[in-house]
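Here's the letter readout for the chains.
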Amino acid sequence: MTDDVTSPAALTQRRGNVLLITINRPEARNAVNAAVSTDLGDALHEAQIDPEVRAVVITGAGDKSFCAGADLKAISRRENIFHPEHPEWGFAGYVSHFIDKPTIAAVNGTALGGGTELALASDLVVAQESARFGLPEVKRGLIAAAGGVFRLVEQLPRKVAMELLFTGESITAEQALKWGLINTVVPDGTVLDVALELAERITVNAPLAVSASKRVAYGVDDGVVTSDGPGWSRTMTEIGALMRSEDAKEGPRAFAEKRPPVWTAR
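Keep in mind that what you see is a predicted model, and the values were worked out from it rather than measured.

**Let's talk about the environment of Leu 44**
Here comes step 1: Within the fold, Leu 44 resides in helix H1 (residues 34-49).
Here comes step 2: Those residues in contact with Leu 44 that lie beyond four places of it in its chain are Ile 21, Val 56, Ile 58, Gly 93, Tyr 94, His 97 and Ile 99.

Printed below as a string of structure tokens:
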């Protein structure tokens with residue numbers, strides 16, 4: 001077995017015309033640091049330029065967490081958690097990195113915060129029964145800045161999305177299915193097999209037609225989803241102001257000290 005220090009932060013494996021990408025930090029619940037953003041972002045780029053890859057499946061290593069969001073320890077050390085050469089690809093090298101090959105999230109555990117944002121960035125989502133989705137950032141004085149705020153409202157009924165955004169509470173896989181956030185719920189332990197089967201149902205179709213359909217469906221011009229522009233701009237403006245607030249410092253501090261936060265709206 002490869003030593004953990006030198007193991008890739010995201011593993012890749014070809015399954016026919018499907019590229020399987022596995023976030024490989026089970027000891028950190030697959031939290032995203034710079035290594036994950038680099039390996040995952042590079043794997044997506046390779047998938048885009050490889051004509052033999054016709055669909056991508058993304059999952060997490062282990063059986064506890066699909067992705068626990070950003071690596072707070074890395075952030076506390078003031079480390080960059082984005083791809084060093086392609087920061088424009090966003091969180092995990094994925095959330096603002098458009099490829100025209102279909103992407104499927106195989107959610108094999110908890111997917112809160114950044115984990116939910118990875119699911120929101122995916123074209124299709126297969127989740128196991130024990131998975132949970134939610135954006136708890138407001139509980140820490142922040143917002144879901146990896147596309148979560150505007151994508152949640154796009155992909156859920158507005159009232160449902162606003163309740164989740166305002167409360168920071170999570171929903172079960174069955175609830176996510178009910179509201180159309182995901183495609184299917186499967187028994188624990190089967191999610192990867194089902195996601196790969198779904199990918200294979202895609203890859204039997206004409207690849208150029210599938211890619212063209214994705215570009216039109218998303219409103220892509222020159223490799224950019226044009227409708228996402230205002231959402232990203234507003235997100236960066238708001239998170240920039242929030243990060244300078246006292247509340248943004250209080251949220252993580254209270255979490256670390258295992259006490260309720262005391263908000264001052266400053």
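**Description of the sheet that holds strand E8 (residues 170-172)**
Here comes step 1: Here we have 3 strands laid out as an open sheet, ordered E5-E7-E8, and mixed in their pairing. The outermost strands of the open sheet, each flanked by one partner alone, are strand E5 (111-112) and E8.
Here comes step 2: Note that E5 and strand E7 (residues 132-134) share 2 bridges and pair parallel. From the neighbouring strand, Ala 111 faces E7, where its bridge partner is Phe 133.

**As for helix H5 (residues 158-167)**
Here comes step 1: Looking at H5, one finds that the buried residues are Val 160, Ala 161, Leu 164 and Leu 165. Buried residues along H5 cover an arc of 130° about the axis, so they all sit on one side. Of the exposed residues in H5, those oriented more than 90 degrees away from the buried face are Arg 158, Lys 159, Glu 163 and Phe 166.
Here comes step 2: Buried-residue contacts for H5 involve helix H4 (148-155) and E8.
Here comes step 3: Positive backbone phi, at 70°, marks Gly 168, one or two positions downstream of H5.

**Structural notes on the packing of aromatic side chains**
Here comes step 1: Summed over all chains, the structure comprises 2 aromatic pairs.
Here comes step 2: Considering the side-chain rings of Phe 98 and Tyr 218, the 6.0 Å spacing of their centres and the 65° angle between planes classify their relative orientation as edge-to-face. Of this pair, Phe 98 sits in the loop between helix H2 (72-76) and strand E4 (103-107) while Tyr 218 sits in helix H8 (residues 207-218), placing them 120 residues apart in sequence.
Here comes step 3: Judged by relative accessible area, Tyr 218 falls into the partly exposed class, the value being 34%.
Here comes step 4: Seen in terms of ring centroids, Phe 150 and Trp 232 are 5.2 Å apart; in terms of plane orientation they differ by 85°. Their pairing is edge-to-face. Of this pair, Phe 150 sits in helix H4 while Trp 232 sits in helix H9 (residues 229-243), placing them 82 residues apart in sequence. Neither residue differs from the other here; Phe 150 and Trp 232 are each classed as buried.
Here comes step 5: Geometry around Phe 98 places Lys 214 over its ring, the cationic atom sitting 5.2 Å from the centre.

**Details of the packing of helix H3 (residues 114-121) against H4**
Here comes step 1: With their axes 10 Å apart at the nearest point, H3 and H4 run at an angle of 55° to one another. It follows from the interaxial angle that H3 and H4 lie oblique. Two packed elements cross with a definite hand, and for H3 against H4 that hand is left-handed. Here H3 contributes Glu 117, Leu 120 and Ala 121 to the contact with H4, which in turn contributes Gly 148, Arg 151, Leu 152 and Gln 155.
Here comes step 2: A breakdown of the residues in the contact of H3 with H4 according to their chemical character gives 3 nonpolar, 2 polar and 2 charged.

What counts as what
The residue count restarts for each chain, going from 1 along the sequence in the order it is written. Thresholds applied to this predicted model are a pLDDT of at least 70 for local features of residues and 80 or more for the giving and counting of side-chain atom pairs; totals over whole chains, interfaces and linings are not thresholded and use all residues. In computing side-chain values, all of the structure's heavy atoms are included and hydrogens and water are not. Only DSSP runs of H or I reaching four residues or more are called helices, and only runs of E reaching two or more are called strands; each is numbered from the N terminus. Residue contacts are defined here by distance: any two heavy atoms, one from each residue, within 4.5 Å place the two residues in contact. Only strands that DSSP links by at least two bridges are regarded as paired with each other. Relative accessibility decides the category of a residue: with a 1.4 Å probe and only protein chains considered, values under 20% of the type maximum give buried, values over 50% give exposed, and everything between is partly exposed. The arc refers to the directions leading from the helix axis to the C-beta atoms. Two rings from Phe, Tyr or Trp (for Trp, the six-membered ring) form a pair when their centres are within 6.5 Å of each other. A pair whose planes differ by under 30 degrees is stacked, one over 60 is edge-to-face, and the rest are tilted. Only when the NZ of Lys or the CZ of Arg is both within 6 Å of the ring centre and within 35 degrees of the ring normal is a charge said to sit over the ring. Axis angles are defined between N-to-C directions and span 0 to 180 degrees, where every axis is a line fitted to C-alpha atoms and, for a helix, only to the segment in contact. For classification purposes, angles smaller than 35 degrees are called roughly parallel, those larger than 145 roughly antiparallel, those between 65 and 115 roughly perpendicular, and all remaining angles oblique. Working rule for handedness: look at the near helix, and if it is turned counterclockwise from the far one by less than a right angle, call the crossing left-handed; if clockwise, right-handed. Think of it as three bins: nonpolar holds Ala, Val, Leu, Ile, Met, Phe, Trp, Tyr, Cys and Pro, charged holds Asp, Glu, Lys and Arg, and polar takes everything else, Gly as well.

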